[in-house]
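Chain residues, written in single-letter form:
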Amino acid sequence: MFGTEFRRLFRYLDRLSGEPDLAADLAQEAFVRLHARGTMPERPEAWLVTVALNLFRNVKTTRARQRRLLTVARAESVLADPAPSPAQTSASADASAKVRVAIDRLPERDRGMLLLLAEGYSYRDIASTLELKEASIGTLLARAKRAFRESYEGDTDAP
Amino acid sequence: MHLDSERIQRLLHGELRSFDEAEVRAHLTACASCGSDVARAEREEAWMLERLARLDHEPPRFTVKMLGLAPRRRRPGWGRIAAGIVFALAAAGAAYAAPGSPLPGAIRHAVEWLSVGWHSVRPAVRTPVSSATFPAGTPAAGTPAGIAVVPGASLIVAFDVGRVDTALVWLTDGAEVEVRSTGGAATFTSGRGRLSIEHRGPPVRFEVLIPRTAPLVEIRFGARQLFLKRKQTVIARSDPTRAGRYLLTQSSPER
């Protein structure tokens, strides 16, 4: 199970956060919690992604609090950041950044739905993870896809 | 009546119930407009998936065996405590009865000291500890700690270990390089192309299992390279046992 689920969970968290190290930590922590739980949940893949998403939300909340407290320090840090490397300014990095901007602009629900769908989670798992009604997942997905495309094309040239 | 977006999406993702699916597919054979909508939805999905894939990074090389190192958050029950006491008593008994064990002498001195007093106790003579030997080709039972990584194109297994730690190395038909410690407290760190093992404390033996298919695996003790597997060739600083296993120590001779 680890072999298949870890990759999927990592990729979902990586796409969600844009931080591979954080994604690896959160995915690993979710599996550690599953191990510590002692018994297997009814739908372990849904359980894992729900735990991982909650962990990610906690990290975001903590970071937001720190940002509010350390606004000045952060501003100095940003000003002191080094210039981007050639690799970062390559076409590949540019394409990735465009997608990142487009996906980050979406509401959390739309973003979560699209990323879970992309990893092959079932409508049932998507509904339980994001606390939505399973019967309307298809309609919400269609809207989220449209919103993603508009967000992407609003920022860049049409594909 | 045309297909709504809910049904089109469910059709794409295999989420229609069987009777709904039959109905939807029957409708699609007769309705070009809905067929066009489904085709457009498929193109949009492919476009989205291609864009999302641009966000991907390479996943880390953790495996499930690493999770075995994580502490379980469970309080010890009475059964566990009792089992621990029994185990400790058994270990103490075995240590007392072992030939050459310094424990009987130490206990005798302790009893003398308690009964006669500090000044009458003779200085204790420490029995020199003999170097550890291992049965050729027999991995130790039990694996208190370990890690497994995919070897990739090349992998360096770097031991930063105590003075007389040893590593028993053999080739397997598996797909991962496994490193286990047979006791003590070792720290395993996996990075790109490198697996570092730190161990401080009583000497232990490590077991290293290397896939025969691994293209390049190198084992180092500190700065010394003691083992190298390059494709089908193995260069080691010790001769293999009859079972084809290599016992590496820091004192393995230069070859």
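Residues numbered from 1 in each chain as written. Chains lettered and ligands numbered in written order. Predicted model: local features only at pLDDT ≥ 70, side-chain atom pairs only at ≥ 80, totals over all residues. Heavy atoms only, no water.

Draft legend 1. Quick look at the overall build of chain B. Secondary structure summary: chain B contains six helices and 11 strands in total. In chain B, buried positions account for 33% of the 255 residues. Relative to all contacts within chain B whose residues are 6 or more apart in sequence, the contacts with residues 24 or more apart total 67%. Surface exposure of chain B reaches about 15,800 Å², of which carbon and sulfur atoms provide 59%. (Helix = DSSP H or I, 4+ residues; strand = E, 2+ residues; numbered from the N terminus. Buried < 20%, exposed > 50% of the residue type's maximum accessible area, 1.4 Å probe, protein only. Contact = heavy atoms within 4.5 Å. Areas by Shrake-Rupley, 256 points an atom, 1.4 Å probe, with all protein chains shown as cover.)

Draft legend 2. Up close: the pairing of strand 4 (residues 177–181) of chain B. Residue and element names in this part refer to chain B. Taken across its five residues, strand 4 has four buried, putting it largely inside the fold. Strand direction decides the pairing type here: strand 1 (residues 145–149) and strand 4, joined by five bridges, are antiparallel. In the sheet register, valine 149 faces strand 4, and the bridge partner there is valine 177. Bridge count between strand 4 and strand 7 (residues 205–211): four bridges; the pairing is antiparallel. Its bridge partner being in strand 7, serine 181 is matched across the sheet by phenylalanine 206. (Pairing = 2+ DSSP bridges.)

Draft legend 3. Representation of the packing of helix 6 (residues 108–118) of chain A against helix 3 (residues 32–53) of chain B. The interhelical angle for the contact between helix 6 of chain A and helix 3 of chain B, taken along N-to-C directions, is 90 degrees, at an axis separation of 11 Å. Taken together, helix 6 of chain A and helix 3 of chain B sit at an angle that is classed as roughly perpendicular. For the pair formed by helix 6 of chain A and helix 3 of chain B, the contact residues are A:Leu114, A:Leu115, A:Leu117 and A:Ala118 on the first element and B:Glu45, B:Met48, B:Leu49 and B:Leu52 on the second. Of the residues in the contact of helix 6 of chain A with helix 3 of chain B, the class split is seven nonpolar, no polar and one charged. (Axes fitted to C-alpha atoms, helices over the stretch in contact; angles between N-to-C directions. Parallel < 35°, antiparallel > 145°, perpendicular 65-115°, else oblique. Nonpolar A, V, L, I, M, F, W, Y, C, P; charged D, E, K, R; others polar.)

Draft legend 4. Just the side chain of B:Thr249, in detail. All names here are of chain B. Within the fold, threonine 249 resides in strand 11 (residues 246–249). Accessibility expressed as a relative area gives 19% for threonine 249, which makes it buried. Sequence-distant contacts of threonine 249, defined by excluding residues within four places in its chain, comprise Asp165, Thr166, Phe221 and Leu226.

Draft legend 5. Main features of the nonpolar core. Core analysis: the largest hydrophobic core is formed by 46 residues, its most contacted members being A:Leu9, A:Tyr12, A:Leu13, A:Ile126 and A:Phe148. The element best represented in this core is helix 2 (residues 20–37) of chain A, accounting for eight residues. A:Leu9 has contacts with A:Ala27, A:Ala30, A:Phe31, A:Leu48, A:Val49, A:Ala52 and A:Tyr121, leaving out every residue within four places of it along the chain. Within the second largest apolar cluster, 27 residues are counted, among which are B:Leu155, B:Ile197, B:Phe206 and B:Tyr246. (Core = buried A, V, L, I, M, F, W, Y, C linked by side-chain atoms within 4.5 Å.)

Draft legend 6. A look at the sheet that holds strand 7 of chain B. Residues and elements named next belong to chain B. What the five strands build is an open sheet, ordered 1-4-7-3-11; its pairing is mixed. Either end of the sheet is taken by a strand with one partner, and the two such strands are strand 1 and strand 11. Going from strand to strand, the sheet's axes swing by 20 degrees on average, the running direction of each strand aside. Where strand 3 (residues 166–172) and strand 11 come together, four bridges link them in antiparallel fashion. Bridging across to strand 11, alanine 167 finds its partner in leucine 248.

Draft legend 7. Fine view of the environment of A:Arg57. Within the secondary structure, A:Arg57 sits in helix 3 (residues 44–69). In this view, A:Arg57 contacts A:Glu108 and A:Leu130; residues no more than four positions away in its chain are not counted.

Draft legend 8. Examining the interface of chain A and chain B more closely. Contacts between the two partners involve 42 residues from chain A and, on the opposite side, 31 residues from chain B. Summing both partners gives a buried area of about 3,300 Å² for chain A against chain B, and 64% of it is carried by carbon and sulfur. Broken down residue by residue, the surface that chain A buries against chain B is led by A:Phe2, A:Tyr123 and A:Lys145, which jointly contribute 18%. For the pair chain A and chain B, the interface holds two salt bridges. For the salt bridge of B:Asp56 with A:Arg15, the shortest nitrogen-to-oxygen distance reads 2.7 Å. Where chain A touches chain B, the interface holds 14 residue pairs in polar contact (both at pLDDT 80 or more). Elements supplying a minimum of two residues to the side of chain A that touches chain B: helix 1 (2–17), helix 2, helix 5 (91–105), helix 6 and helix 8 (137–155) of chain A. (Buried area = accessible area lost by both parts, 1.4 Å probe. Salt bridge = Lys/Arg side-chain N within 4 Å of Asp/Glu carboxyl O. Polar contact = N/O pair within 3.5 Å; in protein donor to acceptor, adjacent residues only side chain to side chain.)

Draft legend 9. Summary view of the pairing of strand 6 (residues 194–199) of chain B. Residue and element names in this part refer to chain B. Side chains Leu195, Ile197 and His199 project from strand 6 onto a buried face, and the interleaved Arg194, Ser196 and Glu198 project onto a face without burial. The pairing of strand 2 (residues 155–160) with strand 6 spans five bridges and is parallel. The partner of isoleucine 156 across the bridge, within strand 6, is arginine 194. Across six bridges, strand 5 (residues 186–191) lies against strand 6 in antiparallel orientation. Bridged to phenylalanine 188 within strand 6 is isoleucine 197. Taking the residues that link successive antiparallel strands as the turn, the strand 5-strand 6 hairpin has two residues, and the phi of glycine 193 there is positive, at about 75 degrees.

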